[in-house]
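Reading the structure
The primary structure of each chain is shown beneath.
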Amino acid sequence: MSPDEPRRSRPAGRPPRRPLMAPFLVTGTLLGALLGMILSVSRPPVPGSGMAQELIVLALVGGILGLLVGSVAFLVVERRRR
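Scope of this entry: the structure provided in the associated data block.

Reading guide: rules and limits
- Residues numbered from 1 in each chain as written.
- Predicted model: local features only at pLDDT ≥ 70, side-chain atom pairs only at ≥ 80, totals over all residues.
- Heavy atoms only, no water.
- Helix = DSSP H or I, 4+ residues; strand = E, 2+ residues; numbered from the N terminus.
- Buried < 20%, exposed > 50% of the residue type's maximum accessible area, 1.4 Å probe, protein only.
- Contact = heavy atoms within 4.5 Å.
- Areas by Shrake-Rupley, 256 points an atom, 1.4 Å probe, with all protein chains shown as cover.
- Phe/Tyr/Trp six-rings, centres within 6.5 Å; stacked < 30°, edge-to-face > 60°.
- Expected span 1.5 Å × (residues − 1).
- Axes fitted to C-alpha atoms, helices over the stretch in contact; angles between N-to-C directions.
- Left-handed = near helix turned anticlockwise from the far one by under 90°.
- Nonpolar A, V, L, I, M, F, W, Y, C, P; charged D, E, K, R; others polar.
- Salt bridge = Lys/Arg side-chain N within 4 Å of Asp/Glu carboxyl O.

Secondary structure summary: the protein contains 2 helices and 0 strands in total. The buried share among the 82 residues of the protein stands at 16%. If you take every contact in the protein between residues at least 6 apart in sequence, the share linking residues at least 24 apart comes to 64%. Accessible surface for the protein amounts to roughly 6900 Å². Of this, 69% is attributable to carbon and sulfur atoms.

What follows is the structure, given as structure tokens:
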């Protein structure tokens with residue numbers, strides 16, 4: 001191997017990089033909240049509640065579900081790295 005060629009293998013003493021948890025959780029939360037907002041806008045309003053209430057509730061529920069999906073995705077990726 002010439003000195004000009006990039007090294008493709010990692011150094012002998014370094015363990016493989018582990019995925020970071022925060023990007024998975026933030027992405028899942030944001031996508032879930034966005035999906036909840038789209039769902040609240042696309043459906044007809046429920047009698048007795050305003051559109052803002054529906055938007056907030058569905059965005060929160062979507063964000064929580066997205067957080068759970070992001071954490072499961074992180075666990076799956078981390079397990080496959082071992």
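Moving on to the packing of aromatic side chains. Applying the stated criterion across every chain yields a total of 1 aromatic pair. Ring centres of Phe 24 and Phe 74 lie 5.7 Å apart, and the angle between their planes is 65 degrees; on these two criteria the pair is classed as edge-to-face. Linking Phe 24 in helix H1 (residues 21-42) with Phe 74 in helix H2 (residues 51-81), this pair joins segments that are 50 residues apart in sequence. According to the relative accessible area criterion, Phe 24 is partly exposed, its value standing at 25%.

Let us now look at H1. In a regular helix each residue adds 1.5 Å, so 22 residues correspond to 32 Å; H1 covers 32 Å between its end C-alpha atoms and thus fits that length. Tucked into the core, H1 has its buried residues touching H2.

This paragraph deals with the packing of H1 against H2. The contact between H1 and H2 brings their axes to 6 Å, and the two run at 145 degrees. When you trace H1 past H2, the crossing you get is right-handed. Residues belonging to the contact of H1 with H2 are distributed by class as follows: 15 nonpolar, 10 polar and 1 charged.

A word on the environment of Gly 66. Among the secondary structure elements, Gly 66 is positioned in helix H2. Gly 66 has contacts with Gly 28, Thr 29 and Gly 32, leaving out every residue within four places of it along the chain.

What follows concerns the pattern of salt bridges. A side chain with one charge may pair with a side chain of the opposite charge, provided their charged atoms come close. Across all of its chains, the model carries 1 salt bridge by this definition. For the salt bridge of Arg 18 with Glu 78, the shortest nitrogen-to-oxygen distance reads 2.3 Å. Here the residue Arg 18 occupies a position in the segment before H1, and Glu 78 occupies one in helix H2, the gap between them amounting to 60 residues. On the basis of relative accessible area, Arg 18 is assigned to the exposed category, the value being 59%.

Moving on: H2. Its 31 residues place the ends of H2 44 Å apart at the C-alpha level, agreeing with the 45 Å of an ideal helix rising 1.5 Å per residue. Every buried residue belonging to H2 is among Glu 54, Ala 59, Gly 62, Gly 63, Gly 66, Gly 70, Phe 74 and Glu 78, and all of these are buried.

We now examine the environment of Gly 36. Summarising the element assignment, Gly 36 is placed in helix H1. C-alpha separation for the pair Gly 36 and Val 61, spaced 25 residues apart in sequence, amounts to 7.2 Å. Residues within four places of Gly 36 in sequence aside, it is in contact with Leu 58 and Ala 59.

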